[in-house]
Amino acid sequence: MSSSHVYWIFHLLILMIAFCDLEMHAESSKKLLHSRINTTQQQAYGSCTNRDISIWQSRDSTSGIPQYIVQIVNTCVSGCPPSDIHLHCGWFASARIVNPTTFKRVSYDDCLVNGGKALKTSQAIRFTYSNSFMYPLAFKSATFC
């Protein structure tokens, strides 16, 4: 099983744990769980942080210039999506064209994600780049509600 499958299974399990378990309890338990979820969402509204932006990358097995798959996901469930997301990215460059509305280096160590548009809950931005080495990508800044 590839690491990307493990990653998606992990996030799917987290979502299932957070929002499911409804079938295993009586109707009163369902109402209580629904109430808890609403309360948690109200408390979390506007509380998204940089920890809610997951950045993952791995090497794709190809011959020639190495390729790397990058995935950036908003894991915040508050309904207040982060926008204007920037990553530390050094002198990011790719031998393979990366769609600039998906990921673009705007200056040294500053790359813009999703053209600055909001990254909705569980939305994933995914792209592949080619270079002789993997660029370390890390959260730099974003606008949170």
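One numbering rule holds for all chains: residues counted from 1, following each sequence as written. The predicted nature of this model means local features are confined to residues of pLDDT at least 70 and side-chain atom pairs, given and counted, to a pLDDT of 80 or more, with totals for whole chains, interfaces and linings taken over all residues. The side-chain quantities take in all heavy atoms of the structure and omit both hydrogens and water.

1. Some details on the side chain of Asn131
Heads up, the condition is: Each helix corresponds to a stretch of at least 4 residues labelled H or I by DSSP, and each strand to a stretch of at least 2 residues labelled E; elements are numbered beginning at the N terminus. Throughout, exposure labels follow a simple rule: accessible area from a 1.4 Å probe, protein chains only, divided by the maximum for the residue type, with under 20% read as buried, over 50% as exposed, and the rest as partly exposed. Between two residues, a contact is recorded if the distance between any of their heavy atoms is within 4.5 Å.
Topologically, Asn131 is positioned in the loop between β6 (124-130) and β7 (138-143). Exposure remark for Asn131: the relative accessible area of 13% places this residue in the buried category. Filtering out sequence-adjacent residues up to four positions away, Asn131 remains in contact with Ile65, Pro66, Tyr68 and Ala93.

2. Observations regarding unusual backbone geometry
Of note, the phi angle at Asp84 is positive, near 50°, even though the residue is not glycine. Judged by its relative accessible area of 33%, Asp84 is partly exposed. In the Ramachandran plot, Ser122 falls in the positive-phi region, its phi being about 65° despite a non-glycine side chain. Among the secondary structure elements, Ser122 is positioned in the loop between β5 (110-113) and β6. Overall, the relative accessible area of 37% leaves Ser122 in the partly exposed class.

3. Points about the state of the cysteines
Definition in use: To count as a disulfide, a pair of cysteine sulfur atoms needs to be within 2.5 Å.
Scanning the entire structure with this criterion turns up 2 disulfides. The side chain of Cys48 participates in a disulfide bridge whose partner is Cys76; the two sulfur atoms lie 1.9 Å from each other. Taking the sign of the S-S torsion, -75° for the link of Cys48 and Cys76, the bridge is left-handed. Of this pair, Cys48 sits in the loop between α2 (27-44) and β1 (53-60) while Cys76 sits in the loop between β2 (67-74) and β3 (83-88), placing them 28 residues apart in sequence. Across the pair, exposure class does not vary: Cys48 and Cys76 are buried alike. One disulfide bridge connects Cys89 with Cys111, the sulfur atoms lying 2.1 Å from each other.

4. So, the sheet that holds β6
Our working definition: In this scheme, strands are said to pair when DSSP sees at least two bridges between them. For helices, the fitted line uses only the C-alpha atoms of the stretch in contact; every axis is such a line through C-alpha atoms, and the angle between N-to-C directions lies from 0 to 180 degrees.
With antiparallel pairing, the 3 strands of this open sheet are ordered in space as β1-β2-β6. Bordering the open sheet on either side are β1 and β6, each of which pairs with just one other strand. Adjacent strand axes in the sheet meet at a mean angle of 15°, parallel and antiparallel pairs treated alike.

5. A short note on the environment of Asp110
With respect to the helices, strands and loops of the structure, Asp110 is situated in strand β5. Here Asp110 is in contact with His86, Leu87, Cys89, Lys104, Arg105 and Lys140, once residues within four sequence places are set aside.

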